[in-house]
Amino acid sequence: MAATSGSRAGLLGRREECRVLDDLVAAAKAGRSTALVLRGEAGIGKTALLDYLAAHSDSCHVVRVAGVESEMELAFAALHQICGQLPDGLSEPRHAVLATAFGRATGPPPDRFHVGIALLDLLAEAAETRPLICLIDDAQWLDRVSAQALAFAARRLGAERVAIVFAAREAEEVHDLAGLPVLAVRGLGYADARALLDSAITGPVDEHVRERFLTETRGNPLALLELPRALSGQLAGGFGLPGARPLPRQIEEEFLRRFQPLPRDTQLVVLTAAAEPLGDAALLWRAAERLGLERAAAERAESAGLIELGAGVRFRHPLLRSAIYRAASAEDRRRVHGALAEATDAGRDPDRRVWHRAYAAVGLDESVAEELEQAAQRAQARGGVAAAAAFLERAAELTPEPVRRAERALVAAGTKFAAGESDAAYNLLAAADLGPLDELRRAHLAQLRARIAFARERSSAAVGLLLDAADQLEVLNDSSARTTYLEALGAAIFSGRLAVVEKAAQAARAAKPAPSPGPMDLLLDGVATRFSDGFEAAIPLLRKALQAFREEADEVTDGLVRWLWLACPVAPEPVASELWDDEVWHDLADRAVELARGFGALGILPVALSYRATVHLHAGEFAAAATLISESDDLTAATGNVPLRYTRLLLAGWRGEETAAMTAIESGLEDASARGEGRAVALARHVTAVLYNGLSRYDDALDAAKQACRQEHLGFVGWSLAELVEAAARSGVRDAAVDALHELEQRTLPAGTDWALGVLARSRALLAEGPAADALYQEAIERLGRSRVAVHLARAHLVYGEWLRREQRRPDARYHLRLAYERFSAMGAMAFAERARQELAATGEATRRPSTDGGVLTPQEAQIAQLAASGLTNQEIGGRLFLSHHTVEWHLRKVFTKLGITSRRQLDPALTSEVSLG
């Protein structure tokens, strides 16, 4: 049919694109998995390139699906089609995840990324026998959860002999595919475009008209083939040229020009096919029978070159399907949807049936609204939050009774927000707000509106909205009031504005106490007290809260990970660092990662990894921190979330490579300032102070530290004060150092931990003289030596060695400076290591400059090697890191080659040697 010639036309002049696709197939055959997004306007030739790929993937298993606009709201629609073309060799629990998602089994709703992991394993298993090529056309019309699962799998591919190729329209952003490699498909070159145009024009054409046609169609193959048909007889004189309207719209109009003269029954059967996204010929015939249509009507459409009939139904081009559906009258669309609903088996596919019923409804219809609610419940049970939101939104639209309609709109808004669709949620809230809601639902509406405001802008304006909502909920004795106060306090801390934080803290302090306080309640009381009554008053409450979190984390309950969702400054881990409690900080961060991995909670695992990486950083384990940061970044990319910059910034500052660090700092400052996140701005200033103290640029460090200390920032203001004391002392600005030391005392003495008192002793020593200074330096080393914070111990050795050299005690100075140099070099703290080296040189001891190589293993290779050395199998490592066991095996082969070993038994000593060399 014509689509075949269109495919050939789409390949004209595509030698480079075809070469890229040939390389992609070769890579998949060689065990180097690849993902690619073909991007271009409608009709540019993306489908033709997919056809080429399918035809040239000899000895490969090719799986092909296409997104359909009317199917976007049906959860797992595209994924179901893909999995239906693959053998199911999955073991439990991966098989159970997909079975639950597709409604073939009951069980807990699978997390959307559990589904992605199951898909990744399924693709890897299918590729065991022969390479697998997955082709996804019209990716802009994939249902959301299918797009997320496919994008997740595409990002985690490694050595599975799998290639995934998406084709998506240029003008329609597919957020879930962001960051994947893109091949831009452009228009044909002049010579190819002219040749194609000449093949489509059957009569004479004025040369100037030809040139203008070529210019305005911009080498779009579909436009070059289709538009001249509408203009035959007009081109010779220059009439009927393409106008200024977008080309896809002009092509749609040309398709409609050929569709509209067809008989009425043929138009109806083609419209029915356009409304039925599966391309199921049997379903089409059943629906046509209910409409009283003969098969001959469809055959006339096939003869006209609009559709192709066989086991399935295929349109000449996706633009034709959408053009016909959009141009149909509302009455005709209702008729065909009604027929499709009747023809769909209610037992096998109840959701698709009710979706058709919803589009067939005339006016308000409570019975359909109730069915849509039931469909939403089924979708949520399968983990299809986006689909549930769509069902609920349509249910609200069809509800006749005003109170019920407002209630359904409110529930739909909450579900839309949970699905990440803030704008749609906000619009539904406006609809709910117009209805006669009771006081409690109005309070929940206010709470959701505040949450949406914070998610959209992260501004201090959301704090007032959250506090108002908390007040309303408290008056009504709703259990979520205290959680909302905690959210308000977290939002205030994010803003970095002390007045806003204090207002939120005072409101939280005035809230009714919880009858049976749990960890969250204790945390709220402790953090509120911290900002209303001061650090010392809050310590007992905060310690009690952290102990409650530690105890809860040791229990296996359904609510086990709810506290991990606090990806904000009032999470337990920042509170532990605020208390200078490195043991609790270590335990909570370690348990957070363990729990998030165990539950497959990929939405919160990046936050847990980031917290754990910060613990590694302060322990001087920079390589381990980098590994976790890399994993966190991979997961945020896979989940479509914003990367977490905090720990990456800290690591850049401590590593001390000025160019790389300042690039990261400036980028972080720009991003934080644009979002109005005062806390993130302060952290960037703190990192700058660390960097410049390491580089011995104390005046610059002093300026940065002063800015970092301007306001209270939970979790790291004490660190910034310590940087300020050192920078001011080294710059000779004693008054500033004394003032900062006084503030530091107020935060360390009440904490009373070795970390707190060790940093305080080191800071006091910088301002002391003679025996007093000597005693304080030794106290700092003794206390910090009993803690986990190795970077601060190395800093204590460094400043003590510097003081000893100035006291002319060179042998003692060399001992401490050498310790500092060796430890900083092993960690990868290059600026501090160089500072120690220069001081050593001043004592007469020569040393090599610290190496910046950082070892031969990449962060991911190092992480996999460490897990393998601990005794985990490839399957277990893959499960923990969300990789297939093939990818784990591939990484281990590279590790063995780099380390010069041949077995897992050699990993542990080889890794120890690697660390010592780094």
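Given the structure is predicted, the values throughout are model-derived calculations rather than measurements.

## Section: the nonpolar core
Here comes step 1: Formed by 136 residues in total, the largest nonpolar core has its most connected members in Leu489 and Phe824.
Here comes step 2: Residue contributions to this core peak at 9 residues, all from helix 40 (residues 790–806).
Here comes step 3: Not counting residues up to four positions away in its chain, the partners in contact with Phe824 are Val791, Ala794, Arg795, Leu798, Ala829, Met830, Phe832 and Ala833.
Here comes step 4: Core analysis: the second largest hydrophobic core is formed by 75 residues, Leu74, Val354, Ala387 and Leu392 among them.

## A closer look at the pairing of strand 4 (residues 162–169)
Here comes step 1: Burial analysis of strand 4 places 8 of its 8 residues in the buried class, the great majority of the element.
Here comes step 2: Across the two faces of strand 4 the burial is the same, with Val162, Ile164, Phe166 and Ala168 and Ala163, Val165, Ala167 and Arg169 all buried.
Here comes step 3: Bridging between strand 1 (residues 34–40) and strand 4 involves 7 bridges; their strand directions are parallel. Looking across to strand 4, one finds that Arg39 is bridged to Ala168.
Here comes step 4: For strand 3 (residues 132–137) and strand 4, the ladder comprises 5 bridges, and the chain directions are parallel. When the bridges of strand 4 are listed, Leu135 appears paired with Val165.
Here comes step 5: Traced from strand 3 through helix 7 (residues 144–156) to strand 4, the parallel crossover comes out right-handed.

## A closer look at the state of the cysteines
Here comes step 1: Evaluated as defined, the whole model comprises 0 disulfides.
Here comes step 2: The cysteine Cys83 is free of any disulfide, with Cys134 supplying the nearest cysteine sulfur at 9.3 Å.
Here comes step 3: Taking the relative accessible area as the measure of exposure, Cys83 reaches 12% and is therefore buried.
Here comes step 4: With relative accessibility at 1%, the residue Cys134 sits in the buried group.

## Remarks on helix 12 (residues 264–275)
Here comes step 1: In this model, helix 12 (12 residues) spans 17 Å end to end at C-alpha, consistent with the 16 Å of a helix rising 1.5 Å per residue.
Here comes step 2: With 10 of 12 residues buried, helix 12 is to be regarded as a mostly interior element.
Here comes step 3: Regarding helix 12, the residues found buried are Thr266, Gln267, Leu268, Val269, Val270, Leu271, Thr272, Ala273, Ala274 and Ala275.

## A short note on the packing of aromatic side chains
Here comes step 1: Scanning the model with the defined rule gives 11 aromatic pairs in all.
Here comes step 2: An angle of 35 degrees between the planes, with centres 5.5 Å apart, marks the rings of Trp654 and Phe832 as tilted. Of this pair, Trp654 sits in helix 32 (residues 646–655) while Phe832 is found in helix 42 (residues 830–842), placing the two residues 178 residues apart along the sequence. Of the two residues, Trp654 and Phe832, both sit in the buried class.
Here comes step 3: When the centroid spacing of 5.2 Å and the interplanar angle of 25 degrees are considered together, the rings of Tyr777 and Tyr800 count as stacked. In this pair, Tyr777 sits in helix 39 (residues 770–785) while Tyr800 sits in helix 40, placing the two residues 23 residues apart along the sequence. Accessibility assignment for this pair places Tyr777 and Tyr800 in one class, buried.
Here comes step 4: Put simply, the rings of Trp580, Trp585, Trp719 and Trp755 touch in pairs and so form one group of aromatic residues.
Here comes step 5: Taking the ring centre of Trp285 as reference, the NZ or CZ of Arg295 above it sits at 4.4 Å.

## So, the confidence of the model for the protein
Here comes step 1: The pLDDT averaged across the protein works out to 83; a share of 87% of its residues lies at or above 70.
Here comes step 2: Per-residue pLDDT stays below 50 along residues 232–244; that stretch engages in 27 contacts with residues further than four places along the chain or on separate chains.
Here comes step 3: For the stretch residues 556–567, pLDDT sits under 50, and the model shows 34 contacts to residues farther than four places along the chain or on other chains.

## A look at a nonpolar patch on the surface
Here comes step 1: A contiguous nonpolar patch, built from Leu440, Val475 and Leu476 and spanning about 240 Å² of accessible area, is present on the exposed surface.
Here comes step 2: Residue placement: Leu440 occurs in helix 22 (residues 439–457).
Here comes step 3: A residue is classified by how much of its surface remains accessible, and Leu440, at 35% relative accessible area, is partly exposed.

## Digging into the packing of helix 44 (residues 874–881) against helix 45 (residues 885–899)
Here comes step 1: At a closest axis distance of 8 Å, the pairing of helix 44 and helix 45 adopts a crossing angle of 105 degrees. The angle between helix 44 and helix 45 places the two elements in the roughly perpendicular class. Of the residues in helix 45, those in contact with Asn874, Gln875, Ile877 and Gly878 of helix 44 are His885, Val888, Glu889 and Leu892.
Here comes step 2: Of the residues belonging to the contact of helix 44 with helix 45, the class tally is 3 nonpolar, 4 polar and 1 charged.

## What to know about the pattern of salt bridges
Close approach of charged atoms allows side chains with opposite charge to pair.
Here comes step 1: Taken as a whole and judged by the stated rule, the model has 51 salt bridges.
Here comes step 2: A salt bridge links Arg352 to Asp349, with the nearest nitrogen and oxygen atoms 2.8 Å apart.
Here comes step 3: Under the relative-accessibility criterion, Arg352 is labelled buried at 11%.
Here comes step 4: Judged by its relative accessible area of 24%, Asp349 falls in the partly exposed class.
Here comes step 5: We note a salt bridge from Arg806 to Glu839, for which the minimum N-O separation is 3.3 Å.

## Some thoughts on the environment of Leu524
Here comes step 1: For Leu524, the position within the fold is in helix 26 (residues 519–532).
Here comes step 2: Separated by 34 residues in sequence, Leu524 and Gly490 have C-alpha atoms that sit 9.7 Å apart.

## A closer look at unusual backbone geometry
Here comes step 1: Although it is not a glycine, Arg161 sits at a positive phi angle of roughly 60 degrees.
Here comes step 2: With respect to the helices and strands, the residue Arg161 is situated in the loop between helix 7 and strand 4.
Here comes step 3: Although it is not a glycine, Asn477 adopts a positive phi angle of roughly 60 degrees.
Here comes step 4: Among the secondary structure elements, Asn477 is positioned in the loop between helix 23 (461–475) and helix 24 (481–495).

## As for the environment of Ala836
Here comes step 1: Looking at where Ala836 falls in the secondary structure, it is placed in helix 42.
Here comes step 2: Overall, Ala836 belongs to the buried group, its relative accessible area being 0%.
Here comes step 3: Residues Ala836 and Phe824, spaced 12 residues apart in sequence, show a C-alpha to C-alpha distance of 8.6 Å.
Here comes step 4: Setting aside anything within four residues of it in sequence, one finds Ala836 in contact with Leu798, Leu817, Ala820 and Tyr821.

Basis of the calculations
- Residues numbered from 1 in each chain as written.
- Predicted model: local features only at pLDDT ≥ 70, side-chain atom pairs only at ≥ 80, totals over all residues.
- Heavy atoms only, no water.
- Core = buried A, V, L, I, M, F, W, Y, C linked by side-chain atoms within 4.5 Å.
- Buried < 20%, exposed > 50% of the residue type's maximum accessible area, 1.4 Å probe, protein only.
- Helix = DSSP H or I, 4+ residues; strand = E, 2+ residues; numbered from the N terminus.
- Contact = heavy atoms within 4.5 Å.
- Pairing = 2+ DSSP bridges.
- Right-handed = clockwise from strand over helix to strand, strands pointing away.
- Disulfide = S-S within 2.5 Å.
- Expected span 1.5 Å × (residues − 1).
- Phe/Tyr/Trp six-rings, centres within 6.5 Å; stacked < 30°, edge-to-face > 60°.
- Lys NZ or Arg CZ within 6 Å of the ring centre and 35° of its normal.
- pLDDT = per-residue confidence, 0-100.
- Patch = residues over 30% accessible without salt bridge, like charges linked within 9 Å, V, L, I, M, F, W, Y side chains within 5 Å.
- Areas by Shrake-Rupley, 256 points an atom, 1.4 Å probe, with all protein chains shown as cover.
- Salt bridge = Lys/Arg side-chain N within 4 Å of Asp/Glu carboxyl O.
- Axes fitted to C-alpha atoms, helices over the stretch in contact; angles between N-to-C directions.
- Parallel < 35°, antiparallel > 145°, perpendicular 65-115°, else oblique.
- Nonpolar A, V, L, I, M, F, W, Y, C, P; charged D, E, K, R; others polar.

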